[in-house]
Amino acid sequence: MLDIRRIREDSDAIRAGLTAKGVDAAVLDTVLALDAARRALVSESETLKSQRNTVSKEVGLLKRKGEDTTEIQASMRALGEDITALDTKLRDNEEALHAELLAIPNTAHTSTPPGLSAADNVVAREHGQIPSFSFDPKGHVDIAENLGLVDFARAAKLSGAGFSLYTGQGARLQRALIQYMLDVHVTDHGYKEVWPPAVVNAASMTGTGQLPKMADDMYRVDGDDLYLIPTAEVPVTNIYRDEIMSEPLPVRLTAYTPCFRREAGAAGKDTRGLIRMHQFDKVELVKFVKPETSYDELELLLADAEDILQRLKLPYRVLSLCGGDLSFAAAKCYDIELWAPGQNGWLEVSSCSNFEDFQARRANIRFRDADGKNKFVHTLNGSGVALARLYVAILENGQQADGSVVLPEVLAPYMGGLSRLARQK
């Protein structure tokens, strides 16, 4: 949520930051009008309350003198009714103002590339060699089904399109990747592992920005004010909701969770296979940092996600997202995309974002600075990294002419020494 004081005092910069995201900055006009009305109501209410206090003291003096106060007390009752009416207007105004602020996205950071769509994203760097094959590379669906790694037909029978059923070595590979990434982030990158709930309340979804804007993309539990999480970002960030953090900053947390999103497979795209899923697994990285360090921490977060892919020896590229392709809550974001030979294209496996104080204001997450003042933290998060597209890239980059798949060397200890996936007899 944007700071109303910042909107009031620096509206030109806010408008520019919203315009960079492709958002009509006129949304601020309603906010500014409500804010002006709120301040007028507060001023009028405080004036009447001051009058009431003054008159109340006068009534006390008159009563001690034995004088009649009937007329004055009647005027005080009328004054009290006016105050009550003003307080009701003020409460309604503040609710409307809060609703408007919740609907406005974060502004784009000034370093964000200009542009209004993914076509305008900037390639920051590429890493690794795109493999060449002496045969026509297959897509992951054919590879997985031939090797008996994923049973797409039975997954569809169980749950419908957009779900997967990993089996045998396929299930073990999924588990190995999750454990491997957690181990690296905890042991080598210094994150603390947490295991959060996969179901959260509406306050949590609002805190990180999924609600109210993206309600239709989320799975809601009928009969309860609960939602299946779209990412571990939601429960992990909300661990400190409505708290003043006592831990020294930065705080770095990592978590594995299943993730659930309704929008997967929209418009009939990529509904077969692992590329667009209603349920998928992800290892997430979340940071709570001091405002002055947040952009340095964003680069470190990105490096931690890249390190996973470098250790797996997979070709990838890093994109700096333009303003129009930023998420609702992000001020700046990098996407990491893996090369998928069977798709002859790039697949996003991580978004590393700095939300500045946008989420912290919505979730009321603060810290005490060196002077003892309470300030809002800056929050960051990134996939470290997401499955199942990582799974796709491993199968498609490691495929061999005989149909087997050579696995990244670092996974051998997690696969019981297995270095290659082959058809099981």
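Parameters and conventions
- Residues numbered from 1 in each chain as written.
- Predicted model: local features only at pLDDT ≥ 70, side-chain atom pairs only at ≥ 80, totals over all residues.
- Heavy atoms only, no water.
- Helix = DSSP H or I, 4+ residues; strand = E, 2+ residues; numbered from the N terminus.
- Buried < 20%, exposed > 50% of the residue type's maximum accessible area, 1.4 Å probe, protein only.
- Contact = heavy atoms within 4.5 Å.
- Areas by Shrake-Rupley, 256 points an atom, 1.4 Å probe, with all protein chains shown as cover.
- Lys, Arg positive; Asp, Glu negative; His and termini not counted.
- Charge placed at Lys NZ, Arg CZ, Asp CG, Glu CD.
- Salt bridge = Lys/Arg side-chain N within 4 Å of Asp/Glu carboxyl O.
- Axes fitted to C-alpha atoms, helices over the stretch in contact; angles between N-to-C directions.
- Left-handed = near helix turned anticlockwise from the far one by under 90°.
- Expected span 1.5 Å × (residues − 1).
- Pairing = 2+ DSSP bridges.
- Phe/Tyr/Trp six-rings, centres within 6.5 Å; stacked < 30°, edge-to-face > 60°.
- Core = buried A, V, L, I, M, F, W, Y, C linked by side-chain atoms within 4.5 Å.

Asks: Describe the overall build of the protein chain, and please don't skip the residues or the numbers.
Replies: When helices and strands are counted, the protein chain shows 12 helices and 16 strands. Counting over 425 residues, the protein chain shows a buried share of 48%. Of the contacts made within the protein chain by residues no fewer than 6 positions apart, 73% connect residues no fewer than 24 positions apart. Looking at the protein chain as shown, the accessible area adds up to about 20,100 Å², and 48% of this sits on carbon and sulfur atoms. Looking at charge distribution, the protein chain has the averaged site of its 49 positive side-chain charges lying 3 Å from that of its 60 negative ones.

Asks: Describe in detail the pattern of salt bridges, supporting the description with residues and values.
Replies: This structure, assessed with the given rule, holds 17 salt bridges. Between Glu 337 and Arg 317 there is a salt bridge whose closest N-O contact spans 2.8 Å. Residue Glu 337 is located in strand β10 (residues 332-340), and its partner Arg 317 is located in strand β9 (residues 316-320); the two are separated by 20 residues in the primary sequence. Judged by relative accessible area, which is 18%, Arg 317 ranks as buried. Measuring nitrogen to oxygen at the nearest pair gives 3.4 Å for the salt bridge that ties Asp 369 to Lys 375.

Asks: So, the packing of helix α2 (residues 11-19) against helix α3 (residues 27-64): which residues are in play, and what are the values?
Replies: Contact pair α2 / α3: the axes reach a minimum separation of 11 Å and the direction vectors enclose 145°. For the element pair α2 and α3, the recorded crossing hand is right-handed. Counting all contacts with α2, which are made through Ser 11, Ile 14, Arg 15 and Leu 18, the residues of α3 involved are Val 27, Leu 28, Asp 29 and Leu 32.

Asks: Outline helix α7 (residues 169-188), supporting the account with residue identities and numerical values.
Replies: With 20 residues, α7 extends 27 Å between its outermost C-alpha atoms, agreeing within 8% with the 28 Å of an ideal straight helix rising 1.5 Å per residue. Listed as buried for α7 are Gln 169, Gly 170, Leu 173, Gln 174, Ala 176, Leu 177, Ile 178, Tyr 180, Met 181, Leu 182, Val 184 and His 185. Backbone geometry just after α7 places Gly 190 at a positive phi near 80°.

Asks: How would you summarise the sheet that holds strand β13 (residues 374-376) if you had to cite specific residues and measurements?
Replies: Ordered in space as β6-β12-β13, the three strands form an open sheet in which the pairing is mixed. Edge positions in the sheet fall to β6 (243-245) and β13, since each has one partner strand and no second. With strand direction ignored, the average angle separating the axes of adjacent strands in the sheet is 45°. In terms of strand pairing, strand β12 (residues 365-368) meets β13 through three bridges, oriented antiparallel. Across the sheet, residue Arg 366 finds its bridge partner in β13, namely Phe 376.

Asks: Help me get a handle on the packing of aromatic side chains, residues and values and all.
Replies: Scanning all chains against the criterion turns up seven aromatic pairs. Between the aromatic rings of Trp 195 and Tyr 256, the centroid separation amounts to 6.0 Å while the plane-to-plane angle is 85°, which identifies the pairing as edge-to-face. Of this pair, Trp 195 sits in the loop between β2 (192-194) and β3 (199-201) while Tyr 256 sits in strand β7 (residues 251-260), and the two are 61 residues apart along the sequence.

Asks: Requested: an account of α3, with residues and values cited.
Replies: Between the first and last C-alpha of α3 there are 56 Å, a value that for 38 residues agrees with the 56 Å anticipated at 1.5 Å per step. Those residues of α3 that sit buried are Leu 28, Val 31, Leu 34, Asp 35, Arg 38, Leu 41, Ser 45, Leu 48, Val 59 and Leu 62. Packing partners of the buried residues in α3 comprise α1 (4-9), α2 and α4 (70-103). Of the residues one or two after α3, Gly 66 is the one with positive phi, at around 80°.

Asks: Break down unusual backbone geometry for me, with residues and values.
Replies: Peptide bonds are mostly trans, and most non-glycine residues show a negative phi. Cis geometry is adopted by the peptide bond preceding Pro 250, which originates at Leu 249 and carries an omega value of 5°. Tracing the sequence through the fold places Pro 250 in the loop between β6 and β7. The omega torsion across Gly 384 and Val 385 is 5°, close enough to zero to call that bond cis. Mapped onto the fold, Val 385 is located in strand β14 (residues 378-386). With phi around 60°, Lys 313 is a residue other than glycine that occupies positive phi space. As for its position among the elements, Lys 313 is in the loop between α10 (294-312) and β9. The class for Lys 313 is exposed, based on a relative accessible area of 64%. Here the phi dihedral of Asn 344 falls at roughly 55°; this positive angle occurs in a residue that is not glycine. Looking at the secondary structure, you find Asn 344 in the loop between β10 and β11 (345-354).

Asks: Could you give an account of the nonpolar core, with specific residues and numbers?
Replies: Formed by 59 residues in total, the largest nonpolar core has its most connected members in Leu 390 and Tyr 391. Examining the composition of this core, we find that eight residues originate from one element, α7, more than from any other. If sequence neighbours within four positions are ignored, Leu 390 has contacts with Leu 177, Met 181, Leu 309, Leu 312, Leu 314, Leu 338, Val 349 and Val 385.

That is the geometry; function is a separate question.
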